[in-house]
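Survey of secondary and tertiary structure
One-letter residues, chain by chain:
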Amino acid sequence: MRLFIAILVAILALFQYDLWFGKNGYFDYKKVSAQIIENKAENEKLVQRNQMISAEIQGLTKGFESIEERARMQHDMVKENETFYHIVKEHK
């Protein structure tokens, strides 16, 4: 009878080992859950970035004002009879 109980305890320990430490066990589950949360956060950032880029592309393709604004900001372009003032902050 003691041998039978020992065998049952050994089988139980084997199942417990697989449950906690085996492939797809509890610790793997926790690691994958944390990785999913991290990936979802990164995906959200990428979705927001893609929306901003999409809005910028639509603005550039639809309206002349956005192209003009971009030229003014990035290339310091000015219209005729216009004065351009560039304000530089002093570094202390």
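What you are looking at is a predicted structure, and each value in this text was computed from that prediction instead of being measured. (Residues numbered from 1 in each chain as written. Predicted model: local features only at pLDDT ≥ 70, side-chain atom pairs only at ≥ 80, totals over all residues. Heavy atoms only, no water.)

**Examining the overall build of the protein**
Spelled out, the test is: Helix numbering and strand numbering both begin at the N terminus, where a helix is a DSSP run of H or I of at least 4 residues and a strand a DSSP run of E of at least 2. We compute the radius of gyration over the C-alpha atoms and compare it with the globule rule, which gives 2.2 Å times the number of residues raised to the power 0.38. Classification of residues uses two cut-offs on accessible area relative to the type maximum, computed with a 1.4 Å probe and protein chains only: under 20% is buried, over 50% is exposed, and between them is partly exposed. Accessible surface is estimated by sampling points in the Shrake-Rupley manner with a 1.4 Å probe; for residues, cover comes only from the protein chains shown. All tallies of charge rest on Lys and Arg as positive and Asp and Glu as negative; His and the ends of each chain are not included. Charge placement uses NZ in Lys and CZ in Arg. For Asp and Glu, CG and CD serve respectively.
The secondary structure content of the protein amounts to 3 helices and 0 strands. Secondary structure elements in the protein, listed N-terminal to C-terminal, are α-α-α. Its C-alpha radius of gyration of 32 Å places the protein more than 25% over the 12 Å reference for a compact globule of 92 residues. Counting only C-alpha atoms, the protein reaches 105 × 45 × 10 Å along its principal axes. Here the protein holds 92 residues, and 4% of them are scored as buried. Accessible surface, the protein as shown: approximately 9,400 Å² in total, 61% of it carbon and sulfur. Of the side-chain charges in the protein, 13 are positive and 13 negative, and the distance between the mean point of each set is 12 Å.

**What about a nonpolar patch on the surface?**
Applicable threshold: Note on patches: the residues involved have over 30% relative accessible area and no salt bridge, like charges join within 9 Å, and the nonpolar side chains Val, Leu, Ile, Met, Phe, Trp and Tyr join within 5 Å. Any carboxyl oxygen of Asp or Glu within 4 Å of a side-chain nitrogen of Lys or Arg constitutes a salt bridge here.
There is a patch of nonpolar side chains on the surface, built from Met1, Leu3, Phe4, Ile5, Ile7, Leu8, Val9, Ile11 and Phe15 and spanning about 970 Å² of accessible area. Note on placement: Leu3 falls in helix 1 (residues 2-21). Residue classification places Leu3 among the exposed residues on the basis of a relative accessible area of 64%.

**Thoughts on the packing of aromatic side chains**
Heads up, the rule is: Two rings from Phe, Tyr or Trp (for Trp, the six-membered ring) form a pair when their centres sit within 6.5 Å of each other. Planes less than 30 degrees apart are called stacked, planes more than 60 degrees apart edge-to-face, and all others tilted.
Counting across every chain of the model gives 3 aromatic pairs. For the pair Tyr17 and Phe21, a centre-to-centre distance of 5.5 Å together with 40° between the ring planes defines the contact as tilted. Taken together, the positions of Tyr17 and Phe21, both in helix 1 and 4 residues apart, correspond to about one turn of that helix. Pairing Tyr26 with Phe27 gives two aromatic rings, centres 5.7 Å apart and planes at 70°, and the pair type is edge-to-face. Exposure remark for Tyr26: the relative accessible area of 35% places this residue in the partly exposed category. Here Phe27 falls in the partly exposed class, since its relative accessible area comes to 44%. Taken together, the ring pairs in this structure connect Tyr17, Phe21, Tyr26 and Phe27 into an aromatic cluster.

**Digging into unusual backbone geometry**
Positive phi, normally seen in glycine, also occurs at Asn24, with a value near 60°. The residue Asn24 is located in the loop between helix 1 and helix 2 (26-62) in this model. With a relative accessible area of 68%, Asn24 lands in the exposed category.

**Observations regarding the confidence of the model for the protein**
Stated formally: Confidence of the predictor in every single residue is expressed as pLDDT, which spans 0 to 100.
Model confidence for the protein is summarised by a mean pLDDT of 85, while 100% of its residues fall at 70 or above. When mean pLDDT is taken per element in the protein, helix 2 scores highest with 92 and helix 3 (residues 64-75) scores lowest with 75.

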